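Listed here are the chains, written in short residue letters.
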Amino acid sequence: ITASAILLLNLLIAQLNCSYVYVYKNMFGFARLRRAEVIVEQLSENCSEKQWRRVVATFGLDVQMEFNAGDIGIAGGMSVEEPANAFTVTHDKVIRYGGS
């Protein structure tokens, strides 16, 4: 019984450690999602539907994004400049295929 209690306690500690590592790795993403949620809440309370449609129209979400010169991406996004060391990526997550 003591051995099983120790095993279960070790499993609990390992699970909590894994959860902490996951949250720590993704804390910037979670902060951005929360910030976006707050913005949407405020806009929905203080902005009419007509004003909202006018704001969205200024974003140009129907225009294709350009990743690099000649590298046209999909529509529905916004290109943002950020420091190269802000989010270190060890492998490229954008899969590119020849031709478009």
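Residues numbered from 1 in each chain as written. Predicted model: local features only at pLDDT ≥ 70, side-chain atom pairs only at ≥ 80, totals over all residues. Heavy atoms only, no water.

1. Observations concerning the overall build of the chain
The secondary structure content of the chain amounts to 3 helices and 2 strands. Over its C-alpha atoms the chain spans a radius of gyration of 22 Å, topping by over 25% the 13 Å that the globule rule assigns to 100 residues. Principal-axis analysis of the C-alpha atoms gives the chain an extent of 65 × 45 × 25 Å. For the chain, contacts bridging at least 24 residues in sequence account for 17% of all contacts bridging at least 6. Surface exposure of the chain reaches about 9400 Å², of which carbon and sulfur atoms provide 62%. (Helix = DSSP H or I, 4+ residues; strand = E, 2+ residues; numbered from the N terminus. Rg over C-alpha atoms; globule rule 2.2 N^0.38 Å. Contact = heavy atoms within 4.5 Å. Areas by Shrake-Rupley, 256 points an atom, 1.4 Å probe, with all protein chains shown as cover.)

2. Description of the layout of surface pockets
Of the pockets and cavities examined, the second largest pocket occupies roughly 210 Å³. Along the walls of the second largest pocket sit Ile 39, Val 40, Leu 43, Trp 52, Phe 59, Met 78 and Val 80, which together make up its complete lining. For the lining of the second largest pocket, the secondary structure elements donating two or more residues are α2 (27-46) and α3 (49-59). With 3 residues, the single largest contributor to the lining of the second largest pocket is α2. Broken down by class, the residue content of the lining of the second largest pocket amounts to 7 nonpolar, no polar and no charged. (1 Å grid on protein atoms, 1.4 Å probe; cavity = no way out; pocket = protein on both sides within 12 Å on 5 of 7 lines; lining within 4 Å. Points joined across faces, edges and corners; volume = space filled by probe spheres on them. Nonpolar A, V, L, I, M, F, W, Y, C, P; charged D, E, K, R; others polar.)

3. Some remarks on the pairing of strand β1 (residues 64-68)
In this sheet, strand β2 (residues 71-75) lies alongside β1 in antiparallel orientation, the contact comprising 3 bridges. Within β2, the position partnered with Gln 64 by the bridge is Ala 75. In sequence, β1 turns back onto β2 through a hairpin of 2 residues, with Gly 70 there showing a positive phi of about 85°. (Pairing = 2+ DSSP bridges.)

Without other data, these values stay purely geometric and don't point to any function.
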